[in-house]
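Observations on the model geometry
For reference, the chains in residue letters:
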Amino acid sequence: MSDPVHPLDLLALDGLLDDDERAIRESTRRLVDDAVRPYVAEWFERGEVPARELAKEFGSLGLLGMHLEGYGCAGLSAVSYGLACLELEAGDSGVRSLVSVQGSLAMYAIWRFGSEDQKLEWLPRMATGDAIGCFGLTEPDSGSDPGSMRLRARRDPGGDWVLDGTKMWITNGSVADVAVVWAATDAGVRGFVVPTSAPGFSAPEVGRKLSLRASVTSELVLEGVRLPGSAVLDVVGLRGPLACLNEARFGIVYGAVGAARDCLESTISYAVEREQFGRPVAGFQLTQRKLADMALELDKAYLLAMHLGRLKDAGSLRPEMVSVGKLNNVREALAIARECRTVLGANGISLEYPVIRHAANLESVLTYEGTSEVHTLVVGKALTGLDAFR
Ligand SMILES: Cc1cc2nc3c(=O)[nH]c(=O)nc-3n(C[C@H](O)[C@H](O)[C@H](O)COP(=O)(O)OP(=O)(O)OC[C@H]3O[C@@H](n4cnc5c(N)ncnc54)[C@H](O)[C@@H]3O)c2cc1C
């Protein structure tokens, strides 16, 4: 028997990274090994996660808003951010979601469209994890079509804004100190920076989830929430939230590779140990075909993520490219998780192994930040020039 090669070493892909990128990958991996991996099955089982403690751990490593410049953020490259997402999601998609929503949705919205006062008030505390943010776009009756949102902001004669309505499926909602809330106004969609201590704001947790259980998911209820005129972000229309979503989707392109890698790694270790008919199940040709096909897709997904990361750092990443990445990498990660589950047999449905947890989580990842159907239509539009959304 020869020494096995790690699936991501099949094509010597480590050579794609420089020393700094490898260092970020290693430090994030160590943190996930220490602070996430030993506990995550229990968090998932209980449907609870110590989000505040984790945010501080991630903040101390500079992972929150790490691709943003200034205001206490690390200002690192897109590739470094992607690699951190990959390692976090190898731990759990819910844990990566905490970091993505914090950095790419809430912090990015304030960093890109906020006033200097808003940035100074929130970004340094969010970078350290002392303040947690959430991002409210989806509503009970408005998901893929955010233009149909009902949460309304009206300006009263004194200049204050008053917000009424409900957001749904909001990651970090119940633990957030600040919510970036998108609302319909007479002038189009506007974003608001809402301290969650504002009178009239509440965030009940969404229960009975069977996916992303190590992540806080909430409703945001705004009943006459009064905000000063300065609470509004400097962007009008859906291009505001869509710009933020594009940032977070980029992280998912890498993150999904992490979940798939963790599934395949644990499945290979299992399959070389597990014996049936007098030999390791990894020695059967049918199993090897599964493992080889999964390694191919994993390596291709990683190459795609790296390609998009380099384009983003060069300033030439277009939204439809992110759609290609999210569509392919989440789809393939989910297929890998499901296939790995079969190799583990009955153990494949147990939380003793990470596979069923990743598979369940990836069902959410397939849907949030633009469903796979929505990203298919983005790619279809890029290919044909024809908009098939309506
Ligand atoms: C765990 C979790 C966390 C989330 N976190 C957040 C968050 O932090 N902030 C936030 O704002 N949202 C969040 N979301 C919401 C998520 O972004 C939405 O669920 C997603 O945008 C899809 O919306 P929907 O669920 O309303 O589905 P719908 O839009 O109702 O879609 C239902 C189905 O119809 C399909 N469909 C819709 N339109 C078309 C079309 N034109 N052509 C073809 N098919 C179509 C969809 O692809 C899907 O298959 C989260 C969701 C989950 C599950």
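The following paragraphs examine the structure supplied in this document. (Residues numbered from 1 in each chain as written. Predicted model: local features only at pLDDT ≥ 70, side-chain atom pairs only at ≥ 80, totals over all residues. Heavy atoms only, no water.)

Quick notes on the overall build of the chain
So the rule is basically this: Secondary structure elements are defined from DSSP: runs of H or I of at least 4 residues count as helices, runs of E of at least 2 residues count as strands, and each element is numbered from the N terminus. Buried, partly exposed and exposed residues are distinguished by accessible area as a fraction of the type maximum, computed with a 1.4 Å probe on protein chains only: under 20%, between the cut-offs, and over 50%, respectively. By definition in these notes, contact holds between two residues if any of their heavy atoms fall within 4.5 Å. Each accessible area value is a Shrake-Rupley result obtained with a 1.4 Å probe; residue values ignore everything except the protein chains displayed when judging cover. Counting rule for charge: Lys and Arg are taken as positive, Asp and Glu as negative, and neither His nor the chain ends is counted. Every charge is mapped to an atom, namely NZ of Lys, CZ of Arg, CG of Asp or CD of Glu.
Helix and strand counts for the chain stand at 11 helices and 10 strands. With 390 residues in all, the chain has 54% of them scored as buried. If you take every contact in the chain between residues at least 6 apart in sequence, the share linking residues at least 24 apart comes to 75%. About 16900 Å² of surface is accessible on the chain, with carbon and sulfur atoms providing 53% of the total. Averaging the locations of the 40 positively and 52 negatively charged side chains of the chain gives two centres separated by 4 Å.

Quick notes on the environment of Pro199
Here Pro199 shows up in the loop between β5 (188-195) and β6 (201-202). In this structure, the C-alpha to C-alpha distance between Pro199 and Arg226, residues 27 residues apart in sequence, is 7.6 Å.

A look at the site of the ligand
Going by this rule: Working definition: residue near molecule or strand if any one of its non-hydrogen atoms lies within 4 Å of it. Under the rule applied, a polar contact is a pair of N or O atoms within 3.5 Å (in protein, one hydrogen donor and one hydrogen acceptor; residues adjacent in sequence only if both atoms are side-chain atoms). Nonpolar residues are Ala, Val, Leu, Ile, Met, Phe, Trp, Tyr, Cys and Pro. Charged residues are Asp, Glu, Lys and Arg, and all others, Gly as well, are polar.
The ligand sits among 17 residues. The nearest are Thr138, Ser144, Trp169, Thr371 and Glu373. The separation between an oxygen atom of the ligand and a polar side-chain atom of Ser144 is 2.6 Å. Look at the ligand: alone it shows 970 Å² of surface, and the protein chains cover 68% of it. For the shell around the ligand, the elements supplying multiple residues, two or more each, are β3 (161-171), α10 (355-367) and α11 (372-384). Here the element with the most residues in the shell around the ligand is β3; it accounts for 3 residues. Partitioning the shell around the ligand into residue classes produces 8 nonpolar, 7 polar and 2 charged.

Considerations on the packing of helix α4 (residues 78-91) against helix α5 (residues 93-113)
Keep this limit in mind: Fitted lines through C-alpha atoms serve as axes, helices being fitted only where they are in contact, and the angles separating the N-to-C directions of these axes extend from 0 to 180 degrees. In these notes the angle categories are as follows: under 35 degrees is roughly parallel, over 145 is roughly antiparallel, 65 to 115 is roughly perpendicular, and the rest is oblique.
In the contact formed by α4 and α5, the axes pass within 7 Å of each other and the chain directions differ by 150 degrees. With respect to α5, the element α4 is oriented roughly antiparallel. Counted together, Tyr81, Cys85, Leu88 and Glu89 of α4 and Ser93, Val95, Arg96, Val99, Ser100 and Ser104 of α5 form the full contact between these two elements. Grouping the constituent residues of the contact of α4 with α5 by class yields 5 nonpolar, 3 polar and 2 charged.

Topic: a nonpolar patch on the surface
The test is simple: Patch membership requires over 30% relative accessible area and the absence of a salt bridge. Like charges are linked within 9 Å, and nonpolar side chains (Val, Leu, Ile, Met, Phe, Trp, Tyr) within 5 Å. Criterion for a salt bridge: a side-chain nitrogen of Lys or Arg within 4 Å of a carboxyl oxygen of Asp or Glu.
Taken together, the side chains of Val5, Leu10, Leu11, Leu16 and Leu303 define a hydrophobic patch exposed on the protein surface, amounting to about 430 Å² of accessible area. Examined against the element boundaries, Leu11 turns out to sit in the segment before α1 (19-35).

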